[in-house]
Amino acid sequence: MAPVMGLKRPAAAAGAGAAVAQTVTLPAPAVRDAVRAAVREAEATAQATAPAARVPAAAAVPAEIARDGVMCLEEVDGRRWSYVVDAAGAAVKAKGRASVGGAFKAVPLQSPLPPVEEIMSFIRSYVVPEGFPHSVTPSYVPYMSWRALKHFFGGAMGVFTTRTLLNSVGVSQSKAVPGAVAINWILKASDGAGRVGKMLFARQGKKFDYDLKQLRFSGDLLMELGAGIELATAAFPQLFLPMACIANVVKNVAAVTSTSTRTPIYKAYAKGENIGDVTAKGESVGNIADLLGTGLSILISKSNPSLVTSFAFLSCGYLLSSYHEVRSVVLNTLNRARFTVAVDSFIKTGYVPTLKDGNSQETVFNPPWRHEPVAIGSRFGEAFQEPASFIAIKPMFEDERYIVTYNPTKDKVYALLKDQAKPDDILKAAFHAHVLLHFINASHANLNARRRMNSSRSYQHNPVNMDFLPHIEESCKIVLSSYGVFKKKAREQGWIMSESLLNPGRARLCGVVPQ
């Protein structure tokens, strides 16, 4: 017996208009014919119920487009285009040809730019970020201007230093081939020393985040020092190799400083997520200025100018540009230098400076011999000169996670942190330390006491000197009522108070945490 299969076919129900499923059992050979018949019936029904469901897209043009031909308007970088229907392209489509690209065309709504403006637009695409000036902060232009000038002097200096190095080892046009072998070996040796210096200086770590302006300017000072050592090889050719190695170490340290501080500075200028664009355009400006300086210096060097005069002029230009470049950077975080400016202004005037004013007043060059009047996170032995001072001060800070004191022998205010101190406690301790320093500096009695301490040897043998205790008591009252006001006014000016870049020491007091 031949196998049979069930097939469901829709059937119209009389009077109700509803479909009722009928099951028809057919022999296997007739199944294919039945399926084909059902499909043809379904297609015929669909076409009868929706006769205009599918119309070719190119069969008709909207009335507004057919009337004036404008499809849409487009704006790119301030210039507008209108897309209009191309009559020739429409005719081709009507004939059924596959020419989709000819159906419309772009028509500029402005007259073509003059050639000079076209060139300037092309240059701007390489040296400024997209959306400039709205995509960067206002201080971006002065920063990049000074940065370009610095690279210009740096490129010019590189020509003189390279020429001096070559002359110091006897490489000239007549001895180019044998001298090339010697200079290749010497440069490899000095380059190896420079790499070692680069790795050693990388230990500075977070200091590149805390004091990036100060380190950036210090790096440029080192760069000029390295260039000076290279130029000095002309006077001491017999010491060329050690001097070249030292110069390369110094210049590589400067290179680490420049590379490590570059991204945070560019980040301060970026608005939104365009840090990559700002970085790329900033480096492009530096490279262009470097090439211009190099080319000009090559032309000048053919006249054999005075080496000392050239170095003095280029070095002064480089350092002056570097100083103004760093000064033009506006950061909204508080490191020690900017925190000092903000607190001093608040104590003297009751106002916290704006971001621009606070950054402009920041000290960008701190020589190693400079006395720092405030230390944060110091060790206990550095802060106290006798046990009596600690015993007398400790009760004043029972409710705080820090202790502030003054050491007359070192003429410094110390803020010691307890082991549960949080970022806000560090900020408060630093604020308290500056308030205490203000009281001490303003006290004539304390100034006279410090003069007697420096001039009298017998005074140095007296381990107890707690004349500063009244100042600490007074500072505690002031900090209790004014620290919250300082934080509020600082936030209103745009300073970020949630992160501490004060670079405190790692020492913490244990067992004296407030309950």
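Residues numbered from 1 in each chain as written. Predicted model: local features only at pLDDT ≥ 70, side-chain atom pairs only at ≥ 80, totals over all residues. Heavy atoms only, no water.

## Some details on the overall build of the chain
Stated precisely, the cut-off is as follows: Helix and strand assignments follow DSSP, with helices taken as H or I runs no shorter than four residues and strands as E runs no shorter than two, numbered in order from the N terminus. Whether two residues touch is decided by their heavy atoms; if any such pair falls within 4.5 Å, the residues are in contact. The protein chains shown are the only cover counted for residues, whose accessible areas, like all others here, come from Shrake-Rupley with a 1.4 Å probe.
When its secondary structure is counted, the chain shows 19 helices and eight strands. Here the contacts in the chain between residues at least 6 apart in sequence split such that 73% fall between residues at least 24 apart. Put simply, the chain shows about 30000 Å² of open surface, and 61% of that area lies on carbon and sulfur atoms.

## A short note on the layout of surface pockets
What counts, and what does not: For cavity detection a 1 Å grid was placed over the protein atoms alone, and a set of points counts as a cavity when a 1.4 Å probe fits there but cannot get out; an open set counts as a pocket when protein lies on both sides within 12 Å along at least five of seven lines, with lining residues being those that have an atom within 4 Å of a point. Grid points are joined across faces, edges and corners, and a volume is the space filled by probe spheres set on the points. Boundary definitions for the domains trace back to an automatic or database domain assignment.
One number sums up the size of the largest pocket: a volume of about 1200 Å³. As for the largest pocket, its lining consists of 38 residues, of which D211, R336, N366, R370 and E372 are closest to the centre. At the level of secondary structure, the elements contributing two or more residues to the lining of the largest pocket comprise α8 (212-232), α12 (336-349), β6 (374-376) and α16 (423-442). Here the lining of the largest pocket gets seven residues from one element, more than from any other, and that element is α12. Looking at which domains feed residues into the lining of the largest pocket, each of domain 1 (127-328) and domain 2 (336-452 + 463-493) supplies at least three. Estimates place the volume of the second largest pocket at around 650 Å³. Looking at the second largest pocket, it is lined by 25 residues, and the ones nearest its centre are A268, V330, L331, N332 and T333. Listed by contribution, the elements that provide at least two residues to the lining of the second largest pocket are α9 (240-269) and α13 (355-360).

## Let's talk about a nonpolar patch on the surface
Rule in force here: Patch definition: residues above 30% relative accessible area lacking any salt bridge, with like charges linked at up to 9 Å and the nonpolar side chains Val, Leu, Ile, Met, Phe, Trp and Tyr linked at up to 5 Å. By convention in these notes, a salt bridge is any Lys or Arg side-chain nitrogen within 4 Å of a carboxyl oxygen on Asp or Glu.
Taken together, V116, I119, M120, F122, I123 and Y126 make up a surface patch of nonpolar side chains, about 610 Å² in accessible area. For V116, the location among the structural elements is in helix α4 (residues 115-127).

## As for the packing of aromatic side chains
For the record, the criterion: Only rings of Phe, Tyr and Trp enter the pairing, Trp through its six-membered ring, and a pair is recorded when the two centres are within 6.5 Å. The plane angle decides the type: under 30 degrees is stacked, over 60 is edge-to-face, the rest tilted. Using a 1.4 Å probe on the protein chains alone, a residue whose accessible area is under 20% of its type maximum counts as buried, one over 50% counts as exposed, and one in between counts as partly exposed. Note on criteria: charge over ring means Lys NZ or Arg CZ within 6 Å of the ring centre, with the direction from the centre no more than 35 degrees off the ring normal.
Counting across every chain of the model gives 18 aromatic pairs. Seen from their ring centres, Y140 and Y269 are 5.7 Å apart, and the 75 degrees between their planes marks the pair as edge-to-face. Separated by 129 residues along the polypeptide, Y140 in helix α5 (residues 140-168) and Y269 in helix α9 bring together distant segments of the chain. The residues Y140 and Y269 share a single accessibility class, namely buried. By the ring-pair criterion, three or more aromatic residues cluster together here, those being F132, Y140, Y143, Y266 and Y269. The positively charged end of K489 is found above the aromatic ring belonging to Y351, 5.3 Å away from the centroid.

## A word on the environment of K418
Structurally, K418 can be placed in the loop between β8 (412-417) and α16. Expressed as a C-alpha distance, the spacing of K418 and G377, which sit 41 residues apart in the sequence, is 8.9 Å.

## Notes on the packing of α8 against α9
Operational definition: In this analysis an axis means a line fitted to C-alpha atoms, helices contributing only their contacting stretch, and an angle means the value between N-to-C directions, from 0 to 180 degrees. Comment on the angle field: the value is read as roughly parallel under 35 degrees, roughly antiparallel over 145, roughly perpendicular from 65 to 115, and oblique elsewhere. Each helix crossing is assigned a hand: it is left-handed if the near helix lies turned anticlockwise from the far helix by less than a right angle, otherwise right-handed if that turn is clockwise. Polarity classes work like this: nonpolar for Ala, Val, Leu, Ile, Met, Phe, Trp, Tyr, Cys and Pro, charged for Asp, Glu, Lys and Arg, and polar for all others, with Gly in that last group.
At a closest axis distance of 8 Å, the pairing of α8 and α9 adopts a crossing angle of 155 degrees. Classified by the interaxial angle, the pair formed by α8 and α9 is roughly antiparallel. The element α8 and its partner α9 pack so that their crossing is left-handed. Within the contact of α8 with α9, the residues separate by chemical class into 17 nonpolar, five polar and four charged.

## Structural notes on the pairing of β8
The following threshold applies: Any two strands are treated as partners once DSSP identifies two or more bridges connecting them.
A large share of β8 lies buried, amounting to five of its six residues. Here three bridges tie β6 to β8, and the two strands are oriented parallel to one another. Across the sheet, residue I376 finds its bridge partner in β8, namely A415. Taken together, the six bridges between strand β7 (residues 402-407) and β8 define a ladder with antiparallel strand orientation. Within the sheet, the bridge partner assigned to N407 lies in β8 and is K412.

## Considerations on the pairing of β7
For β7, the tally of buried residues reaches six of six residues, placing the bulk of the element in the interior. In β7, alternate side chains face the same way, and those of Y402, V404 and Y406 on one face and I403, T405 and N407 on the other are all buried.

## A word on the pattern of salt bridges
For the structure shown, the criterion picks out 13 salt bridges. The salt bridge partner of K150 is D220, with a shortest N-O separation of 3.4 Å. Of this pair, K150 sits in helix α5 while D220 sits in helix α8, and the two are 70 residues apart along the sequence. A single burial state applies to K150 and to D220, both of which are buried. Put simply, E400 and K428 hold a salt bridge, and the shortest N to O gap is 3.1 Å. Pair noted here: E400 is in the loop between α15 (387-393) and β7 and K428 is in helix α16, with a separation of 28 residues, a long-range link. Take K428: its relative accessible area is 15%, and that puts it in the buried class. Residues joined by salt bridges that share partners form a network here, namely R147, K150, R216, D220, R262, E283 and E325.

## Some remarks on α9
Residues that lie three or four places apart on an α-helix share one face, since the helix turns once every 3.6 residues. The following threshold applies: Each helix should span, by expectation, one fewer than its residue count multiplied by 1.5 Å. Bend is computed residue by residue as the angle between axes fitted to the seven residues ending at the residue and the seven residues starting at it.
Along its 30 residues, α9 runs 42 Å from first to last C-alpha, staying within 8% of the 44 Å computed at 1.5 Å per residue. Of all the bends in α9, the largest measures some 35 degrees and sits at R262, one to four residues before the proline P264.

## Some remarks on the nonpolar core
Inclusion rule: The term nonpolar core refers to a set of buried residues drawn from Ala, Val, Leu, Ile, Met, Phe, Trp, Tyr and Cys, joined through side-chain atoms within 4.5 Å.
Residues F339, F431 and F486 are the most contacted members of the largest nonpolar core, which totals 45 residues. Listing elements by their share of this core, those giving two or more residues are α12, β6, α15, β7, β8, α16 and α19 (469-492). Considering every element that reaches this core, the biggest residue donor is α16, with 10 residues. When near neighbours in sequence (up to four residues on either side) are disregarded, F486 contacts F339, A342, V343, F346, V352, F431 and M497. Grouped together as the second largest cluster of nonpolar side chains are 17 residues, A148, A270, V278 and A289 included.

Nothing here speaks to function; it is geometry throughout.
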